[in-house]
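Chain by chain, the residues:
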Amino acid sequence: MTGVDRGGPRPFELECAGLRLLLWHERALALPELGLLIASDAHFGKDQSLRAAGIPVPPGAVARDLARLDGLLEALRPKRLVWLGDLIHSETSLSAENEAQLGAWFRGRPELEVLLVRGNHDRRAGDPPPDWGLACVDAPAQIGALALYHYPPLDASQGAAPGTDQPRLWLAGHLHPGVDLKGRAGLRLRAPCFRLFSAAGGRPAGLVLPAFGSLTGIHPTPAAEGERRFLCSPEGVFPWPPPAGRLPSRGRPR
């Protein structure tokens, strides 16, 4: 994975379990030393499913989300892209237009290994067409010291995949984590976040990723004991709540 010399906010760099993690405000995670870009809960085609249900959502969500993904791939040039579940929203999501657009995107990157760890929506929608070139597996999957899930393994009885070494860090999605922000004059805003859990009860440390898809919901929850949160905003990614109650200036933290 190459450098990330580009305009816009830099990622928030975090060391956890001996691994260097880059948290991107585009709601994705990079592990440069492993050549990995990881995202979760794209819910591609949700706009089509909503329209099929009679909800008048304008088209274009797939194109916008793929453009964000293209920017990350261009900046990072990872060897492998991992999806932590819920790639396709439902069985009604792959309209002819969406299937053509997504299929062309995946087929057009034969040099990029793509792994999908199936989530609940993937089981309903089915695996993507074989010619997209994705490897699809059930959780837990493991890459080196990483254990990959869709549902967070918050039960300490969930451990390593059979026949593998105990991982040092688990990664998951599914929760669509976020925080509620309150401003002056009653202004309220809901923002996505990363949730970092410390090791506990024999379970390794873990990170829950925010939902990547632009049409996904955000679900704030109270912070668990020992949990750290990192809020995603157009200004970048930063700890939440911020130190001394102050938001960082544009482009920080680094």
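Our subject in this report is the structure included herewith.

1. What about the pattern of salt bridges?
Phase 1: Throughout the structure, instances matching the rule amount to 13 salt bridges.
Phase 2: When the shortest N-O distance is used, the salt bridge between Arg80 and Glu113 registers 3.2 Å. With Arg80 in strand β5 (residues 80-83) and Glu113 in strand β6 (residues 113-117), this residue pair connects regions lying 33 residues apart in the sequence.
Phase 3: A residue is classified by how much of its surface remains accessible, and Arg80, at 25% relative accessible area, is partly exposed.
Phase 4: Here Arg190 ties to Asp180 by a salt bridge, and the two come within 2.8 Å at their closest N and O atoms. Of this pair, Arg190 sits in strand β12 (residues 188-197) while Asp180 is found in strand β11 (residues 177-182), placing the two residues 10 residues apart along the sequence.
Phase 5: Since its relative accessible area comes to 44%, Arg190 is described here as partly exposed.
Phase 6: Where salt bridges share partners, they join Arg118, Arg123, Asp127 and Asp138 into one cluster.

2. Focus: the sheet that holds β5
Phase 1: Reading across the sheet, the 7 strands line up as β1-β2-β3-β4-β5-β6-β7 and stay open at both edges, with mixed pairing between neighbours. Either end of the sheet is taken by a strand with one partner, and the two such strands are β1 (12-16) and β7 (135-137). When the angles between neighbouring strand axes are averaged without regard to direction, this sheet yields 25 degrees.
Phase 2: Two elements, strand β2 (residues 19-24) and strand β3 (residues 28-31), share 3 bridges in a ladder whose sense is antiparallel. When the bridges of β3 are listed, Leu23 appears paired with Leu29.
Phase 3: Sheet strands in contact with helix α2 (residues 61-76) are β2, β3, β4 (36-39) and β5, and its direction is about 160 degrees off that of β4.

3. So, α2
Phase 1: Taking 1.5 Å as the rise per residue, α2 with 16 residues should run 22 Å; its terminal C-alpha atoms sit 23 Å apart, in good agreement.
Phase 2: Along α2, the positions that sit buried rather than exposed are Ala61, Val62, Asp65, Leu66, Arg68, Leu69, Leu72, Leu73, Ala75 and Leu76.
Phase 3: Among the structural elements, β2, β3, β4, α1 (46-52), β5 and α3 (96-107) are those in contact with the buried residues of α2.
Phase 4: A positive phi of about 50 degrees marks Arg77, the residue just after α2.

4. Let's talk about unusual backbone geometry
Phase 1: Cis peptide bonds are those with omega within 30 degrees of zero, and the linkage from Ala139 to Pro140 qualifies with 0 degrees.
Phase 2: Relative to the assigned elements, Pro140 resides in the loop between β7 and β8 (141-143).
Phase 3: At Ala17, a residue that is not glycine, the phi angle is positive and equals roughly 55 degrees.
Phase 4: Note that Ala17 resides in the loop between β1 and β2.

5. Focus on empty space enclosed by the protein
Phase 1: According to the stated counting rule, one finds 1 cavity of 30 Å³ or more in the structure shown.
Phase 2: Roughly 50 Å³ of internal volume is contained in the largest cavity.
Phase 3: As for the largest cavity, its lining consists of Ala42, His43, Phe44, Gly45, Lys46, Asp47, Ala61, Val62, Asp65, Gly213, Ser214 and Leu215.
Phase 4: Put simply, the parts of the chain that give the lining of the largest cavity at least two residues each are α1 and α2.
Phase 5: Sorting elements by how many residues they give to the lining of the largest cavity places α2 first, with 3 residues.
Phase 6: Grouping the constituent residues of the lining of the largest cavity by class yields 5 nonpolar, 4 polar and 3 charged.

Rules used throughout
- Residues numbered from 1 in each chain as written.
- Predicted model: local features only at pLDDT ≥ 70, side-chain atom pairs only at ≥ 80, totals over all residues.
- Heavy atoms only, no water.
- Salt bridge = Lys/Arg side-chain N within 4 Å of Asp/Glu carboxyl O.
- Helix = DSSP H or I, 4+ residues; strand = E, 2+ residues; numbered from the N terminus.
- Buried < 20%, exposed > 50% of the residue type's maximum accessible area, 1.4 Å probe, protein only.
- Pairing = 2+ DSSP bridges.
- Axes fitted to C-alpha atoms, helices over the stretch in contact; angles between N-to-C directions.
- Contact = heavy atoms within 4.5 Å.
- Expected span 1.5 Å × (residues − 1).
- 1 Å grid on protein atoms, 1.4 Å probe; cavity = no way out; pocket = protein on both sides within 12 Å on 5 of 7 lines; lining within 4 Å.
- Points joined across faces, edges and corners; volume = space filled by probe spheres on them.
- Nonpolar A, V, L, I, M, F, W, Y, C, P; charged D, E, K, R; others polar.

Keep in mind that these numbers describe shape and distance, not what the molecule does.
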